[in-house]
Amino acid sequence: MRYSTLLARTRTLSLSATPRHWTSSVGRRHFIPSTQSQQTYIVWAPDYTDEGALARRMAVRQKHFVTANKLIKQGILKVAGGLLTPETQDAAPGNRKFVGSALLYEAENLEAVRKLVEQDVYWTETVWNKDKIVILPIIMATTLQDRAGITQPTPED
């Protein structure tokens, strides 16, 4: 499949799309089995790029970690992390430039993941760019660790 075709199909799964895109035949026919078993989904959530985006992220970061930790303990969120610009990956924590998040969920369907994303404080506090978020089913080529854990401590830990 050509990259442009794949990109066009993935855009139909963007959160900015109308609900009919979430149930598109493309997604069902090619990715989602008819059984009610858990499926794995990857979320690419780029941040807004306005001047206040980083400040909004940092203001709600601990709350985001608390929610992420709960989802990890429930077995829903498998892997998550902030995406950095390449030039700041080795910088001190206060000097890193975040450009978004990547998350790996296990859920019954795409709609369940969409709801989780929309409940996240990064969504509600306009950290993530709602027009550019992409959620895709993923077939894992490798296994995940048996027990994931958040690397950032929260008040509840």
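Structure shown above.
The residue count restarts for each chain, going from 1 along the sequence in the order it is written. Where totals are concerned, whole chains, interfaces and linings use all residues; where local detail is concerned, this predicted model gives features only for residues with pLDDT of at least 70, and gives and counts side-chain atom pairs only at 80 or more. Working from all heavy atoms in the structure, the side-chain values ignore hydrogens and water.

Overview of the pattern of salt bridges
Let me state the cut-off plainly: Any Lys or Arg side-chain nitrogen found within 4 Å of a carboxyl oxygen on Asp or Glu counts as a salt bridge. Elements are defined by DSSP. Helices are runs of H or I of four residues or more, strands are runs of E of two residues or more, and each kind is numbered from the N terminus. The rule is simple: take the accessible area with a 1.4 Å probe, protein chains only, and divide by the maximum for that residue type; under 20% is buried, over 50% is exposed, in between is partly exposed.
Under the criterion given, the structure shown has five salt bridges. A salt bridge links Glu-106 to Lys-78; its shortest N-O distance comes to 3.9 Å. Placement of the pair is Glu-106 in strand S3 (residues 98-107) and Lys-78 in strand S2 (residues 77-84), with a sequence separation of 28 residues. On the basis of relative accessible area, Glu-106 is assigned to the partly exposed category, the value being 27%. For Arg-114, the salt bridge identified is with Glu-118, shortest N-O distance 2.7 Å. A residue pair is termed a helical-turn pair when its members lie 3 or 4 positions apart in one helix, as Arg-114 and Glu-118 do in helix H5 (residues 110-119) at four residues. With a relative accessible area of 15%, Arg-114 lands in the buried category. The partly exposed category is assigned to Glu-118, whose relative accessible area is 26%. Each member of the salt-bridge network shares a partner with another, and the members are Glu-111, Arg-114 and Glu-118.

Details of the packing of aromatic side chains
This is how it is decided: Only rings of Phe, Tyr and Trp enter the pairing, Trp through its six-membered ring, and a pair is recorded when the two centres are within 6.5 Å. The plane angle decides the type: under 30 degrees is stacked, over 60 is edge-to-face, the rest tilted.
Enumeration according to the criterion identifies one aromatic pair in this entry. Ring plane angle 85 degrees and centroid distance 5.6 Å describe the contact between Tyr-122 and Trp-128, whose orientation is recorded as edge-to-face. Using a relative accessible area of 1% as the deciding quantity, one classes Tyr-122 as buried.

Section: helix H4 (residues 53-73)
For an α-helix, 3.6 residues make a turn, and residues three or four places apart therefore share a direction. The cut-off we apply is this: Given the number of residues in a helix, its expected span is that number minus one, multiplied by 1.5 Å. Axes are fitted to the seven residues ending at a residue and to the seven starting at it; the angle between these axes is taken as the bend at that residue. By definition in these notes, contact holds between two residues if any of their heavy atoms fall within 4.5 Å.
In this model, H4 (21 residues) spans 29 Å end to end at C-alpha, consistent with the 30 Å of a helix rising 1.5 Å per residue. The sharpest bend along H4 comes to roughly 55 degrees, located at Arg-61. Three or more residues of H4 are buried, namely Ala-53, Arg-57, Val-60, His-64, Phe-65, Val-66, Ala-68, Asn-69, Leu-71 and Ile-72. For H4, the secondary structure elements touched by its buried residues are S2, S3, H5 and helix H6 (121-124). Of the residues trailing H4, Gly-75 is marked for its positive phi of about 80 degrees.

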